[in-house]
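# Fold and contact review
Given next are the chains, with one letter for each unit.
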Amino acid sequence: MSADKIIVHIDVDLEEIVPGFLQNKKKDIITMQNAILSQDFETIEVLGHRMKGAGGGYGFDEISRIGADIEKAASQKKQEKIQLLLQELEQYLSCVEVIYE
Amino acid sequence: MKRSYLDIILFFPILLVGICEIYDLYQKFSYFGIGKLFLVVIVFSFFYKQKKIQKSFQLQNEQFTEKISRLQAIIEQCPSSIVITNIKGNIEYVNPMFSKVTGYSREEVMGKNPRFLKSGETSQEEYRTLWKTIHSGKQWYGQFHNRKKNQELYWELASISPILNAKGHVTHFFAIKQDITELKKIQEDLVNAKQTADLANKAKSIFLANMSHEIRTPMNSIIGMADLLWETPLNQDQKQYVQIFRNAGENLLNLINDILDLSKIEAGHCHLETIEFDLAQMIEQISQVMALKAQKKGLELLFHIANDTPVKLLGDPLRLRQILINLIGNAIKFTEKGKILVRICPNPQSTMPGNLLFSVSDTGIGISKDKQNRIFENFMQADSFVGRRYGGTGLGLSISKKIVELMKGRIWVESEENHGSVFSFTAQFGISEMASIQAASQKLPVIANIGLSEEGGRKILLVEDSPDNQVLMRAYFKNLPYILDIAENGQVALERFRNSSYDLILMDIQMPVMDGHTATKEIRKYEAEKNLPQTPVIALTAYALREEMEKCMEYGCNAHLSKPIKKAELIATIEKYLKKTKESS
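Overview of the structure. The structure displayed is predicted, hence computed values, not measured ones.

The rules behind each value
- Residues numbered from 1 in each chain as written.
- Chains lettered and ligands numbered in written order.
- Predicted model: local features only at pLDDT ≥ 70, side-chain atom pairs only at ≥ 80, totals over all residues.
- Heavy atoms only, no water.
- Helix = DSSP H or I, 4+ residues; strand = E, 2+ residues; numbered from the N terminus.
- Buried < 20%, exposed > 50% of the residue type's maximum accessible area, 1.4 Å probe, protein only.
- Contact = heavy atoms within 4.5 Å.
- Areas by Shrake-Rupley, 256 points an atom, 1.4 Å probe, with all protein chains shown as cover.
- Pairing = 2+ DSSP bridges.
- Axes fitted to C-alpha atoms, helices over the stretch in contact; angles between N-to-C directions.
- Parallel < 35°, antiparallel > 145°, perpendicular 65-115°, else oblique.
- Left-handed = near helix turned anticlockwise from the far one by under 90°.
- Nonpolar A, V, L, I, M, F, W, Y, C, P; charged D, E, K, R; others polar.
- Expected span 1.5 Å × (residues − 1).
- Bend = angle between axes of the 7 residues up to and from the residue.
- Patch = residues over 30% accessible without salt bridge, like charges linked within 9 Å, V, L, I, M, F, W, Y side chains within 5 Å.
- Salt bridge = Lys/Arg side-chain N within 4 Å of Asp/Glu carboxyl O.
- Phe/Tyr/Trp six-rings, centres within 6.5 Å; stacked < 30°, edge-to-face > 60°.
- Core = buried A, V, L, I, M, F, W, Y, C linked by side-chain atoms within 4.5 Å.

For the rest of this paragraph, the subject is the overall build of chain A. Helix and strand counts for chain A come out as four helices and two strands. Evaluated residue by residue, chain A yields a buried proportion of 46% over its 101 residues. Taking contacts inside chain A between residues at least 6 apart in sequence as the whole, the part at least 24 apart equals 70%. Here chain A displays about 4,600 Å² of accessible surface, and carbon together with sulfur accounts for 49% of that area.

What follows is the structure, given as structure tokens:
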């Protein structure tokens, strides 16, 4: 994945809530990393599931896709896969730029 | 015949010491003769007295000299150095030990100030305190790092006391000093040895942490491949082998994870989070996970949070959860029948708010007294028999103990063999600013009441557990003429529905406590009982499968929207169903 900016166009109505959502995803990454340490796959599965459900609604289809993959990996307790996905999510969050229109 | 006798009794000082008898066989004593005789006796007794006094003086003198020489011998032969100085601090006496330790002879040091021993290693501040103390008539204890005549450095432990005269004035100073160079060296060696040992232990932990990580990577491939193999067509024998393969892999992975966890804590890499969390909610989640395991063994699992327990806390919920799951898991593992009770209350031993006491009691096999302390050590189980029969790494309690200590608490066990165990621990949490003490057991379900308060708006109930989706939906509804209520799970939604009326329900499917299917079924049941018209229920799911949609309809939903939900689609669907109910009513 390149470190270039990823431009996402989002409805101006959501301008107030999008930064909070992205911030929450960063918190989720930390929570999930801790959950891996305590082998708490259930929490990861729930967070992945929620991410899948919410991402696209906010306009981030990529977050939905990563969430779905995390949910699946967590249900199979595939730690390394989850780690990779969290890295991917982190990368995405650091590159994404939102244009409200 | 005339005879004369004269007896004079002699006393000294009051004891009878003799009788002086004088007699004349032929004549009477003349007065003059008696007078002369008296004179003789007086002179004699005077000399006698003198002699006696002299003798007693001599005796006293001898005793005194003996005493002095004994004291001197003690001081001279004392195994500690002794130095006596005058009030100015100039040396008046040193004993041979002093010369032996420092290398300076008595003659060399007489009249000098002992500062010639200074090496510069003892701070000026120390000397100032020393002089201040002894000048005020008090004793001073301390250590000097001094220099011998041969320039060698040495340590001594000294006690210096002022010597007072009858009037209470300081006349001399008396120092008694012990060479502790050897002792110091041993002490330093010990400190170094401990540091080396700590470093080695830390290195071991870091090595373990790295190794565990390295082992985990191929382990995941092995388990992953075994899982894939499991899904291919296998005959009965192959199935059994692969199952053993998978179980062993899982066990090994769990062990590695425990070791990784422990070594992380030991290497000091484990830092506790400080985040807000709801204790009651967390306990509810734990109860869901653990109740299943307890049920499988036919055990009862009960939770009790005391009324005065604060539940909005600041701390590390994941680590707390880890301890509780470990203790409850052990309780289930070692109990064949009966119940497991988890209690939470403010720690009665502490006055700090947020200091809580947790206890997990079971009716299991118990632990004998002599093994109770050992079980919190690494890799220790009550005995090897337990290990063989019940499995496990023996790391769970050790990890729990370390986390509890990080949470400024302690963990302990009370148990009797065959009569169950009670594991308790305390931990210090912060109290979340938002919260006052809340009666946890009387806590009402959390329902957010959001939306327009405008009269006449249509009421919509959103049942959704994800906070992100709640926020998103609130944003979608911002400028629409609807009143939006939010319930966080099916159970809450059901209660809300029974106490209020709604024009439409948006129902998430996968939720904790009660899922969307069950909630919809219950709502339909309630409506039928009360003879109410059916409220439209729109299912919101992350499943895009056809079967899933059909299942929703089966449970009584009217429509189905796939997440991610787009605003236009949502509004259109809502309007369609609200219009329908309006038309039909």
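On we go from here.
Another point: the sheet that holds strand S14 (residues 421-428) of chain B. All names here are of chain B. The strand order across the open sheet built from five strands is S9-S11-S12-S14-S13, with neighbouring strands paired in mixed fashion. Of all the strands in the sheet, the pair left with one neighbour each is strand S9 (300-305) and strand S13 (411-415). The mean angle between the axes of side-by-side strands here comes to 15°, regardless of whether they run parallel or antiparallel. In the sheet, S9 pairs with strand S11 (residues 339-346) via six bridges, with the strands oriented parallel. Paired with His304 across the two strands is Arg343, which belongs to S11. Lying over the sheet, helix H7 (residues 279-296) contacts S9, S11 and strand S12 (355-361), oriented at roughly 170° with respect to S9.

Residue and element names in this part refer to chain A. Closest axis-to-axis distance for the helix H3 (residues 61-75)/helix H4 (residues 79-95) pair is 9 Å, and the angle between their directions is 165°. With respect to H4, the element H3 is oriented roughly antiparallel. Handedness of the H3/H4 crossing: left-handed. Residue-level contacts link Glu62, Ile63, Arg65, Ile66, Asp69, Ile70, Ala73 and Ala74 of H3 to Lys81, Ile82, Leu85, Leu86, Glu88, Leu89, Tyr92 and Leu93 of H4. The residue inventory of the contact of H3 with H4, partitioned by class, reads eleven nonpolar, no polar and five charged.

Another point: helix H2 (residues 41-58) of chain A. Residues and elements named next belong to chain A. Counted at 1.5 Å a residue, the expected span for H2 with its 18 residues is 26 Å, and the 25 Å between its end C-alpha atoms agrees. At Lys52, H2 shows its maximal bend, which comes to roughly 25°. Where burial is concerned, most of H2 is hidden: 14 out of the 18 residues are buried. Count one or two residues on from H2 and you reach Gly59, which has phi positive near 110°.

Turning next to a nonpolar patch on the surface. Residue and element names in this part refer to chain B. A cluster of nonpolar side chains, namely Tyr5, Tyr23, Leu25 and Tyr26, defines an oily patch on the protein surface of about 500 Å² accessible area. Structurally, Tyr23 is set in strand S2 (residues 16-24). When its relative accessible area of 47% is taken as the criterion, Tyr23 is described as partly exposed.

To continue, consider the packing of aromatic side chains. Residue and element names in this part refer to chain B. Tallying each qualifying case throughout the model produces 14 aromatic pairs over all chains. For the ring pair Trp131 and Phe173, a centre distance of 5.9 Å and an interplane angle of 80° mean the geometry is edge-to-face. Residue Trp131 is located in helix H4 (residues 124-135), and its partner Phe173 is located in strand S7 (residues 170-179); the two are separated by 42 residues in the primary sequence. Given the relative accessible area of 32%, Trp131 is considered partly exposed. A connected cluster of aromatic rings, assembled from ring pairs, spans Phe277, Phe358, Phe425 and Phe429.

The next subject is the packing of helix H6 (residues 236-266) of chain B against helix H10 (residues 396-406) of chain B. Relative placement of two packed helices is described by the angle separating their axes and the distance separating the axes. All names here are of chain B. Look at H6 against H10: their axes get within 10 Å of each other, and the N-to-C directions meet at 30°. By crossing handedness, the relation of H6 to H10 is classed as left-handed. Along its contact with H6, which presents Asp258, Asp261, Leu262, Ile265 and Glu266, the element H10 presents Ser398, Ile399, Lys402, Ile403 and Leu406. Residues of the contact of H6 with H10, tallied by class, amount to five nonpolar, one polar and four charged.

This part is about the nonpolar core. In summary, soluble globular proteins display a tendency toward joint burial of nonpolar side chains. Core analysis: the biggest nonpolar cluster contains 53 residues, and Phe60 of chain A together with Phe477, Leu506 and Ile574 of chain B have the highest contact counts within it. Top element by residues in this core is helix H1 (residues 18-37) of chain A. It accounts for seven residues. Ignoring any residue separated from it by four or fewer positions in sequence, one finds Leu506 of chain B in contact with Ile460, Leu461, Leu462, Val463, Phe477, Ile538, Leu540, Leu570 and Ile574 of chain B. Core analysis: the second largest hydrophobic core is formed by 45 residues, Met290, Val311, Leu313 and Leu395 of chain B among them.

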